[in-house]
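Residue-level listing of the chains:
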Amino acid sequence: MLRSISVGLTLFLLCGTVLAQEMALLDGAAIFRGIEIAGSEAVALVDLSTETLSDGEAELLTREITERSALLDSDITALRILVRPPGASAAVPIEQVIARQEVVTPEPDMTLFGEPAPPAVRSAARNAVSPNSQPQGGLSGRVVYFSGGHGWTWSTVGEWYTQRPLLYDMVEDYGNLDQINVFARYCFNAGATVVPMRPIGYQPNEVIVDNDDPGFSTTPGAWNTSTGSPYYGDASDSVHYRWTETSATETTVARYTPTIPEEGFYPVYTWVLDSSNRTDQLYRIVHSGGACEVRVDHRNVGRGWVYLGEYHFLAGTSGHVEISNQSAVGGNVIADAIRFGNGIGDINRGGGVSGYQRGEEASRYWVQSGIGQGGSSSVYDGSSSDSSDNVGTPPRMAANMNRNTDFYGQVYLGFHSNASSGAARGCVALITTSGSPTHQAEYAKLIADNLDAVCNAADSNWEHPWVDRSSATYTSAYGEISSGNINDEMTATIIEVAFHDNALDADLMRDPNVRDAMARGCYQGIVRYFNTFDATEPPPLVFLPSPPRNVRAINTAPGEVTISWLAPLSGVANGGPATGHRVWQSPNGLGFAPVATTSATSFTVSDLPLGETFYFRVAATNAGGESMPSEVVGVGTSPTGHANVLVVNGFDRFDRTLDPQDYAATNIGGTSGGGGFLDRIRPREMNSFDYVAQHGEAIAAAGRAFDSCANEAVTAGQVNLTDYRTVVWICGEESTDDETFSATEQSLVSAVLGAGGNLFVSGSEIAWDLDRDSGPSTADRAFINSQLHTDLNGNANNDAGTYSAAPSPSGIFIGNPFLTFDDGTHGGYDVDSPDELTAVGGGATVAMGYVGGGAGGAAIVHDGSGGGGKVVFLGFPFEMILGEPARAEIMADAMAFFSGGIVGDEDILGVLLGLAPPSDSADANDDDVTDVADLLTVIE
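> Even after reading the chapter, I still don't get the pattern of salt bridges, so can you show me in this structure?
Two side chains of opposite charge can pair, provided their charged atoms sit close to one another. In total, this model carries 43 salt bridges according to the counting rule given. As a salt-bridge pair, Arg80 and Glu41 come within 3.2 Å of each other at their nearest N and O atoms. Here Glu41 lies in strand E6 (residues 41-48) and Arg80 lies in strand E8 (residues 78-84), a separation of 39 residues in the sequence. Notably, a salt bridge pairs Glu206 with Arg339, separated by 2.3 Å at the nearest N-O pair. On the criterion of sequence distance, the pair formed by Glu206 in strand E17 (residues 206-210) and Arg339 in strand E28 (residues 337-341) is long-range, its members being 133 residues apart. We classify Arg339 as buried; its relative accessible area is 1%. Where salt bridges share partners, they join Asp169, Glu463, Asp507, Arg510, Arg656 and Asp679 into one cluster.

> Can you walk me through the side chain of Ser804 in this structure?
On the secondary structure map, Ser804 appears in strand E48 (residues 804-807). Owing to a relative accessible area of 14%, Ser804 belongs among the buried residues under this scheme. When residues no more than four places from it in sequence are discounted, the contact partners of Ser804 are Phe818, Leu819, Thr820, Phe821, Tyr850 and Val851.

> How should I be thinking about the nonpolar core in this particular structure?
For soluble globular proteins, nonpolar side chains are generally found buried alongside one another. Ranked by internal contacts, the top residues of the largest apolar core, which has 192 residues, are Phe183, Ile495 and Phe876. With 11 residues, helix H8 (residues 512-533) is the single largest residue contributor to this core. Other than its neighbours up to four places away in sequence, Phe876 contacts Ser762, Gly763, Ser764, Ala805, Leu819, Phe821, Val831, Pro834, Met848, Tyr850, Ala858 and Ile881. Counting 30 residues, the second largest nonpolar core, distinct from the first, contains Val648, Cys731, Leu759 and Leu770.

> Is there a simple way to explain the sheet that holds strand E26 (residues 320-324) in this structure?
An order of E18-E21-E26-E23-E24 is seen for the 5 strands of this open sheet, with the pairing classed as antiparallel. Edge positions in the sheet fall to strand E18 (216-218) and strand E24 (290-297), since each of these pairs with one other strand and no more. Each strand axis lies, on average, 20 degrees off the axis of its neighbour in the sheet, ignoring direction.

Rules behind the numbers
- Residues numbered from 1 in each chain as written.
- Predicted model: local features only at pLDDT ≥ 70, side-chain atom pairs only at ≥ 80, totals over all residues.
- Heavy atoms only, no water.
- Salt bridge = Lys/Arg side-chain N within 4 Å of Asp/Glu carboxyl O.
- Helix = DSSP H or I, 4+ residues; strand = E, 2+ residues; numbered from the N terminus.
- Buried < 20%, exposed > 50% of the residue type's maximum accessible area, 1.4 Å probe, protein only.
- Contact = heavy atoms within 4.5 Å.
- Core = buried A, V, L, I, M, F, W, Y, C linked by side-chain atoms within 4.5 Å.
- Pairing = 2+ DSSP bridges.
- Axes fitted to C-alpha atoms, helices over the stretch in contact; angles between N-to-C directions.

Pasting the structure below:
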């Protein structure tokens, strides 16, 4: 049956022939004539102004036809394109006019490098568990190459532009980048060697230490020099890289010590020339929280940046990466270059650099900057435009970096989002007619089906239901996943995760929970692919678990802390069942190192120094790998083994309303495009789930020990609030959908205050949630008025319109300078709607006011008069106060107010043991000295 289809605003009436109708495509290089529909296949006719097309131009033409038509609104599953070159009387399939780009990747001649011949041991079992710190699982021993489509691109008219427009507050170029950041973590935690074609993380700083830089050193041992090529460095380098032979035990290391310009999270990458005489090379990354180890088998991958994970580094030279010569596999260890951070794009295409972060640029430029000396420019350059080059660059670079002859040792996946008429929804995986790699159709279907399965299972918690399309795949001419570009070395597909021109799908793609589900589904599809088709070493069909729940950390004896949790939920929406757990420890809540594995749901850490702070998180493990980590908990160790302060993390909100925004002034969607704001998904700027660290450091600075837990552990009865004299409750930007205080939490907090306990609470949406004009229950209003002694006093007070506050002329914070909290430009989230608070009842006063905005109170204090405990309530999040000293001053004032001149027994003992600073409040009997008599006074 033949039928018509709408393209743009034009209706083509097709009755067995294609009706001529002009529509310029591919920047005028092609004229679209029409489409004929036969069953589930569409056939398009196009006139060309050139004899040939590059594979990139063919893909761009395919996408233009698909996106300008309503093909994806229907049951069409394939598009064939017939083209007429200039002067031709007949049309031919587009595949016949694609000029393949020849990629020159010469095999290095190892005899020139002064290295010994390849060892007899050639490979190790893929799924063997190694003692290194990278989780081992279903993708161990395999390489996952992937890319996020588009990005800022240099045009032929001399301007930088994004390849896709701003629609529904998102730009696909940026959405693809955010998507691969989530996907990379799943692959890494499943044991894969991760090779992204746009960099991972959001670190604008970069430090590259090469083997001849001042930050490079070696310990005693035989490190030889090589002039082999390709290599990373300058063309003038006399030493291209260093090498040594492996040893069963470590006898020497090469160390790369960067000078980190600014504290933060840095992705780490390695550049090594691969070869058959390499080994499974051990990297030891020393960061602010300890050391983690990652192995990369450079017999299989090299000559480009390989991702080693993301870690927290302090400013300066305290961190480093070591390359060890320890391996059970004989071969050569290579020390060339290590990269910390991504940096700002520095590729000048003739009119200046883009000015954007490297990750925000198209893949072509990341590949160009990392191809190395002696690498072939044909990998990234060869078409008439950079946008066309960018189509084939990622798969060509994947083939360039791959040296594994086993087809099932690696895989390629490209990430995009889709467009049609605005009505279509759901995911589509692509199959190419331009030379399809082995198993591409099956692989594409596995990726789409698994993404659909996870999203269908999880969407009950989303703002819109997921749409599972009737057909999971779509076939046409896509150069990015052609066998020619991938060199038939692995299978490949593109996943169009959803439709960015549909309002509902765009909402979902701007939700971090949905992006997480999409990434999880794609990772699971890769595991299924290897399990299905690798008959020699199939991975277990086990998916890594979801994070443990209800985590808490409690002082249980002097220097002893017990971390407890609930095992994660399992199932399609969550992951595989956990068979074990891994406990990670940190001195600062940011950099973590593993300290234990256990099959139980608790673990006790002993011999911790007294009076110091430690932070923990827990991950679940199984044969598939390791889950994402739980939220962070921490303790300030108590000399008595008991803390009187409990920190409760009640900030669970994590949705698109927290998205940070970027702004581009012009050229969004093309060189004539305008500017605008667009939503991003950068989790640390939304909710990093580690805010116990800011609270904990301030509490410890005030001389108090503390425990901490997730709020779910409180409502489940696993932690009893009344066991503590003071409760510190984190609400962050928790609001109406997640509830700042549920009915159960209100009851438990009221019990603490009723028993004379103290409450320190902060958050920017608490008063709005509990006291806005309509919506809150009677119980909500009673809680905020009678327990928190606060009132919103009308919806107009929902946003103070400022990021600054100062102490009132009298009150507990007097003498402190004014403070500022984060507007989203200092590494945290944007406190965009701090509540203006009104004091309610006797004993309640405004202790802090906003500066430069609304006239309402920024903090309310209740002195406990009339019965009940004392309350300090901040109308903005404590954790977003800029500067550790400012946070310490606020917390010290609050703790002194709570103590009324008397602190807990553990704090006095801490002073006596020299583990806490002397303070007036430790003098419990007011004799101007802190001694045993003060401790006896409190105990009595």
